[in-house]
Amino acid sequence: MKLSLVLLLSLFVLCASLALATTDPELKQCKHQCKVQRQYGAEEKRECAERCEDYYREKKRGEQERGERGEEEKRGSSRSWDEEDKWTDPQKRLRECQQQCERSQEGQQKSLCRHRCQQTYERERGREEEQPGRRERGSEDEDEDNAEQDENPYVFEEKHFTKTVDSRHGKIHVLQRFDKRSKLLRGIENYRVGIIEANPQTFVSPSHWDADGVLFVANGQGTITLIEENERKSHNVERGDVIRVRAGTSVYFINRHDNEKLIIVKFIQPVNLPGKYEAFTPAGSTQSESFYKAFSWELLEAALKTDRRKIEQAFSQKQEAIVKASKEQIQAMTHREQQEGGAIWPFKAESSSGPFNLLRKRPVKSNNYGQLFEAKPNEHKDQLKDLDLGISLANITRGSMSGPYYNSRATKIAIVLDGEGYFEMACPHVRGGGGDRSREQEKRERREQEKKEGQRFTKISSRLRSGTVFIVPAGHPVAAVASENSHLTVVCFEVNAKGNTRFSLAGKNNVVNQWEREAKELAFGVQAREIDQVFGSQDEDFFFPGPRKQQRQGRADA
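Worth saying up front: this structure is predicted, and the values here are computed from it rather than measured.

Draft legend 1. Focus on the overall build of the protein. Assigned secondary structure in the protein consists of 15 helices and 25 strands. Taking all 558 residues of the protein together, the buried fraction comes to 42%. Counting contacts in the protein only where the partners sit at least 6 residues apart, residues at least 24 apart contribute 74% of the total. On the protein, roughly 31200 Å² of surface is accessible, and the fraction owed to carbon and sulfur atoms is 47%.

What follows is the structure in structure tokens.
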């Protein structure tokens with residue numbers, strides 16, 4: 001009798017929950033998707049509807065648990081963040097939902113199940129974005145400091161990088177997506193930046209990317225091997241070298257130096273999903289599984305014409321992505337390339353498709369205060385032209401500065417390679433003192449202020465040190481200053497570089513000096529000679545003494 005009563009109560013609860021579920025819009029939509037799947041038979045549609053109800057019950061159970069936790073917190077009870085986030089974090093709910101799909105579904109049903117999970121996630125994220133005060137905990141794409149994000153969205157520090165490889169012998173870290181930092185950077189949302197650091201005498205395992213890449217060797221000496229159209233090409237590289245790696249090209253690296261680290265800056269343009277790219281590794285590593293293991297053993301046996309046991313043995317070892325290599329192994333790979341007509345180590349082979357050295361070019365700007373090296377798209381058609389990309393490197397001497405200047409078309413993604421200093425930029429889009437205000441509130445305040453006072457510009461500034469990344473949009477006047485105690489070296493990838501012009505705002509070639517006398521008087525409302533005294537005093541071009549150095553020189557002249 002007691003057992004029957006328990007079963008009856010359980011059945012009542014189940015029926016009540018299902019009756020309530022018929023009023024839930026999300027469940028209705030899920031069941032509707034099951035009905036309209038033409039490839040499904042009646043039985044498959046019924047099973048699909050049952051999975052919708054299973055998901056709904058799981059969701060309601062989560063909401064109930066969350067409510068119970070809320071009551072416990074009111075009573076002084078505490079829970080761990082991980083336990084709470086299981087139900088409050090949409091990304092975690094998405095992962096839980098997709099894992100359930102993987103465990104319980106097959107074939108097209110698995111795909112449909114994952115699609116429903118994604119739709120639910122996007123709806124929940126949309127509701128979150130409508131609440132300005134709410135932010136997602138634990139997401140690597142969220143900045144840790146909202147105030148800093150509001151006030152200076154153009155600067156990225158070490159905390160904004162994610163380590164995709166962290167080995168005893170080196171590391172690979174990738175900068176977060178630019179548009180996740182701020183909507184002001186949507187113009188460069190399809191570009192990424194990564195850094196490879198390999199210790200002396202090491203080997204970086206092969207991979208290919210679903211992205212085009214341009215690599216800049218920031219430090220050291222190495223060998224880069226590319227597998228292109230059944231042909232292996234190896235290039236000895238050193239500091240200043242630039243080389244293109246096309247999407248899908250298998251690539252691996254050797255640091256052949258005995259003492260120095262090999263540091264390579266990667267500029268990436270994804271070809272599949274905007275702002276997202278993956279490294280596909282055939283051998284696999286402790287950080288990444290081999291993509292071969294995604295296939296069934298039967299398929300691999302047929303494709304490779306090899307026994308399954310041998311295939312399993314080949315993939316049984318888990319190497320690190322960056323490993324120590326012996327001198328004999330490095331020399332063997334180098335000598336093999338020499339015999340096959342590649343570059344003869346330690347000399348380099350010059351070719352249209354191989355690397356070029358930015359530092360061996362004649363500087364476009366040079367004086368006692370700095371040097372600027374530049375490569376334009378039309379000058380290097382195989383490496384840069386179809387990407388509409390330029391690359392430059394500025395060496396600013398101690399206490400000196402570059403600019404102010406602006407680019408007409410190109411947006412500059414700058415990475416500090418060495419030294420310290422700071423930069424300042426004029427920006428019409430950001431207002432100081434963002435604090436806890438919502439973006440919509442900031443927009444309204446900015447529009448109201450512009451109506452009252454006209455266009456206003458905010459000084460964007462930040463300290464610069466090795467590893468800092470900063471963005472300079474097209475048209476934004478900018479200047480960089482080296483520390484009194486250190487030089488400053490910055491490499492810049494310039495997007496939309498075709499037809500770009502750099503306009504100087506100070507120095508002997510500044511734009512104001514090129515105006516007619518009448519234009520100066522009409523624009524500034526004072527005599528032209530007064531304007532000439534302001535803009536015509538600097539005899540240098542592009543690089544100048546920095547503020548403190550100029551002050552010392554002024555006192556000495558006085």
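Draft legend 2. Main features of the pairing of strand β9 (residues 241-245). Most of β9 sits inside the fold, with five of its five residues counted as buried. Burial along β9 is two-sided: D241, I243 and V245 facing one way and V242 and R244 facing the other are all buried. Both strand β6 (residues 211-219) and β9 contribute to a ladder of four bridges, which runs antiparallel. Directly across from G213, in β9, lies its bridge partner V245.

Draft legend 3. Region of the structure containing the pattern of salt bridges. Enumeration according to the criterion identifies 20 salt bridges in this entry. Note that E320 and R168 form a salt bridge whose closest N and O atoms lie 3.8 Å from each other. Placement of the pair is E320 in the loop between α10 (308-314) and β13 (322-324) and R168 in the loop between β2 (161-167) and β3 (170-175), with a sequence separation of 152 residues. E420 is paired through a salt bridge with R463; the nearest N and O atoms lie 3.4 Å apart. On the criterion of sequence distance, the pair formed by E420 in strand β19 (residues 411-427) and R463 in strand β20 (residues 458-465) is long-range, its members being 43 residues apart. On the accessibility criterion, E420 (34% relative accessible area) is partly exposed. One salt-bridge network, in which partners are shared between bridges, spans D212, R244, R246 and D386.

Draft legend 4. Molecular detail of the sheet that holds strand β14 (residues 356-357). Taking strand neighbours across the sheet as the criterion, the seven strands line up as β2-β3-β4-β11-β6-β9-β14 in an open arrangement whose pairing is antiparallel. This sheet does not close on itself; its edge strands, each paired only once, are β2 and β14.

Draft legend 5. The arrangement of the confidence of the model for the protein in detail. A residue-level look at the protein finds 72% of positions with pLDDT of 70 or above and a mean pLDDT of 80. Contacts for the low-pLDDT stretch residues 128-150, under 50 throughout, to residues beyond four places or in other chains number 45 contacts. With pLDDT under 50 throughout, residues 338-350 is counted as low confidence; its partners more than four residues away or in other chains account for 20 contacts.

Draft legend 6. Representation of the nonpolar core within the structure. Formed by 57 residues in total, the largest nonpolar core has its most connected members in F178, F216, I391 and I413. Here this core takes eight residues from β19, the largest share from any one element. Setting aside anything within four residues of it in sequence, one finds F216 in contact with G240, D241, V242, I263, I264, V265, L358, I391, L393, L417, V491 and F493.

Reading guide: rules and limits
Residues numbered from 1 in each chain as written. Predicted model: local features only at pLDDT ≥ 70, side-chain atom pairs only at ≥ 80, totals over all residues. Heavy atoms only, no water. Helix = DSSP H or I, 4+ residues; strand = E, 2+ residues; numbered from the N terminus. Buried < 20%, exposed > 50% of the residue type's maximum accessible area, 1.4 Å probe, protein only. Contact = heavy atoms within 4.5 Å. Areas by Shrake-Rupley, 256 points an atom, 1.4 Å probe, with all protein chains shown as cover. Pairing = 2+ DSSP bridges. Salt bridge = Lys/Arg side-chain N within 4 Å of Asp/Glu carboxyl O. pLDDT = per-residue confidence, 0-100. Core = buried A, V, L, I, M, F, W, Y, C linked by side-chain atoms within 4.5 Å.

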